[in-house]
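A structural walkthrough
The lines below spell out each chain.
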Amino acid sequence: MMDKKLLDLKKEVYFANKRLVEEDLVIFTFGNVSGIDRQQGIIAIKPSGVDYDKISWQDIVLVSLEGQVIDSSLKPSSDTKTHLKLYREFPLIGGVAHTHSRYASSFAQAKLSVKCLGTTHADYFYGEIPCTELISDKAIEQDYEEETGILIVDTFNTTKLDYMQIKACLVAGHGPFTWGSNADDAGYMSKVLEEIARQNFLTQLLNPDVEPLKKTLQNKHYFRKHGKDAYYGQDHQD
Ligand SMILES: [Zn+2]
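Definitions and limits used
- Residues numbered from 1 in each chain as written.
- Predicted model: local features only at pLDDT ≥ 70, side-chain atom pairs only at ≥ 80, totals over all residues.
- Helix = DSSP H or I, 4+ residues; strand = E, 2+ residues; numbered from the N terminus.
- Rg over C-alpha atoms; globule rule 2.2 N^0.38 Å.
- Buried ≥ 20, exposed ≤ 12 C-beta atoms within 10 Å, placed from the backbone.
- Contact = placed C-beta atoms within 7 Å.
- Core = buried A, V, L, I, M, F, W, Y, C linked by C-beta atoms within 7 Å.
- Axes fitted to C-alpha atoms, helices over the stretch in contact; angles between N-to-C directions.
- Parallel < 35°, antiparallel > 145°, perpendicular 65-115°, else oblique.
- Left-handed = near helix turned anticlockwise from the far one by under 90°.
- Pairing = 2+ DSSP bridges.
- Arc of directions from axis to C-beta.

Some thoughts on the overall build of the protein
When helices and strands are tallied, the protein shows seven helices and seven strands. Mapped in sequence order, the helices and strands of the protein form the string α-β-β-β-β-α-β-α-α-α-β-β-α-α. Computed over C-alpha atoms, the radius of gyration of the protein comes to 18 Å, within 12% of the 18 Å expected from 2.2 N^0.38 for 238 residues, which places it in the range of a compact globule. Projected onto its principal axes, the C-alpha positions of the protein cover 55 × 50 × 35 Å. With 238 residues in all, the protein has 37% of them scored as buried. For the protein, the proportion of contacts with a sequence separation of at least 24, taken over those separated by at least 6, is 63%.

Spelled out as structure tokens, the structure:
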């Protein structure tokens, strides 16, 4: 009999994956969400290329942090190694999501970061959402999915970005990866990112010379919701 926590993780990951479709972030079997049990070092992730209507939550694949399939007759998502790399390098995250959502992927294809132009962005992300360099031919041939993870981690390390303050990265020529405290939260961040990318695109269409939102307003919106002095929402209300 499998550990109840792992069964719950499978269920959570199953519904988080279904939600990507319901939220219009992915079509067909594009995209994938995973979640992790940090104590056991086990992730749960969508099987590769299957239709959600044809699988149940039991079919969600369990994989060790080292990449060993633990439970399932199905193959894990082809992007599993990217997820694993993020879990190993970003120790505070509990979930990862990947989509090819329309606006965020358009920024990734244009190789543009998403600059902070308004308070909707500042409510969720502290500063601009980076876009990686285009992956090298060597990396494509070597271990493409692992190297995609390395590209994301390197982008954060070289520019000294805090992965807990910016829970998203655009992979150049490809699409967005987002993360959060669990699978559900990671998928939620994908939806938030998509909306912000859409607003950003429309804003720059209206005014191509628009400047990033001033720092005082960014700070106000980000830090009233995040960090030790946060006061937005029910938990912190007087
Ligand atoms: Zn992809």
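Some remarks on the nonpolar core
Ranked by size, the top nonpolar core spans 52 residues in total, and within it Val13, Ile43 and Leu170 carry the most contacts. Counting residues per element, this core draws most heavily on helix α6 (residues 183–206), which supplies seven residues. Setting aside residues no more than four positions away along its own chain, Ile43 makes contact with Ser34, Gly35, Ile36, Val63, Leu65, His83, Leu84 and Tyr87.

Side note on the packing of helix α1 (residues 4–22) against α6
Between α1 and α6, the least distance of the axes is 8 Å, while the angle of their chain directions is 15°. The angle between α1 and α6 places the two elements in the roughly parallel class. Seen along the crossing, α1 lies across α6 with a hand that is right-handed. The residues of α6 that touch α1, namely those facing Glu12, Val13, Ala16, Arg19 and Leu20, are Ala183, Asp184, Gly187 and Ser190.

Considering the sheet that holds strand β4 (residues 69–71)
Pairing is antiparallel across the open sheet formed by seven strands, whose spatial order is β4-β3-β2-β1-β5-β7-β6. The sheet is open, and its two edges are formed by β4 and β6 (168–171), each paired on a single side. Sheet twist, expressed as the average angle between the axes of neighbouring strands with direction ignored, equals 25°. Across four bridges, the pairing between strand β5 (residues 95–98) and strand β7 (residues 175–180) is antiparallel. In the strand pairing of β7, Val96 is matched with Trp179. The strands that α1 touches are β1 (32–37), β2 (42–45) and β3 (61–64); relative to β1, the one it contacts most, it runs at about 160°. Sitting on the sheet, helix α3 (residues 102–110) touches β6 and β7, and the angle it makes with β7 is about 120°.

Observations concerning the pairing of β3
Across a regular strand the side chains alternate sides, sitting on one face of the sheet and then on the other. Bridge count between β2 and β3: four bridges; the pairing is antiparallel. If you follow Ile45 over to β3, its bridge partner there is Val61. Pairing of β3 with β4 involves two bridges; the strand directions are antiparallel. Bridge pairing in β4 places Leu62 opposite Asp71. What sits between the antiparallel neighbours β3 and β4 is a turn of four residues, in which Gly67 has the positive phi angle 100°.

Quick word on α3
Because the α-helix completes a turn every 3.6 residues, residues three or four places apart line up on one side. Taken together, the buried positions of α3 are occupied by Ala104, Ser105, Phe107 and Ala108. The buried residues of α3 occupy an angular sector of 155° when the element is viewed end-on, so they sit on one face. On its buried face, α3 is in contact with β6, β7 and α6. Just beyond α3, the residue with positive phi is Lys111, at close to 60°.

What to know about the pairing of β6
With burial as the criterion, each face of β6 is covered, one bearing Ala168 and Leu170 and the other bearing Cys169 and Val171. Pairing of β6 with β7, which is carried by four bridges, proceeds in the antiparallel orientation. Note on β7: the bridge partner recorded for Leu170 is Pro176. Where β6 folds back onto β7 in an antiparallel hairpin, the turn is made up of three residues, including Gly173, whose phi is positive at roughly 75°.

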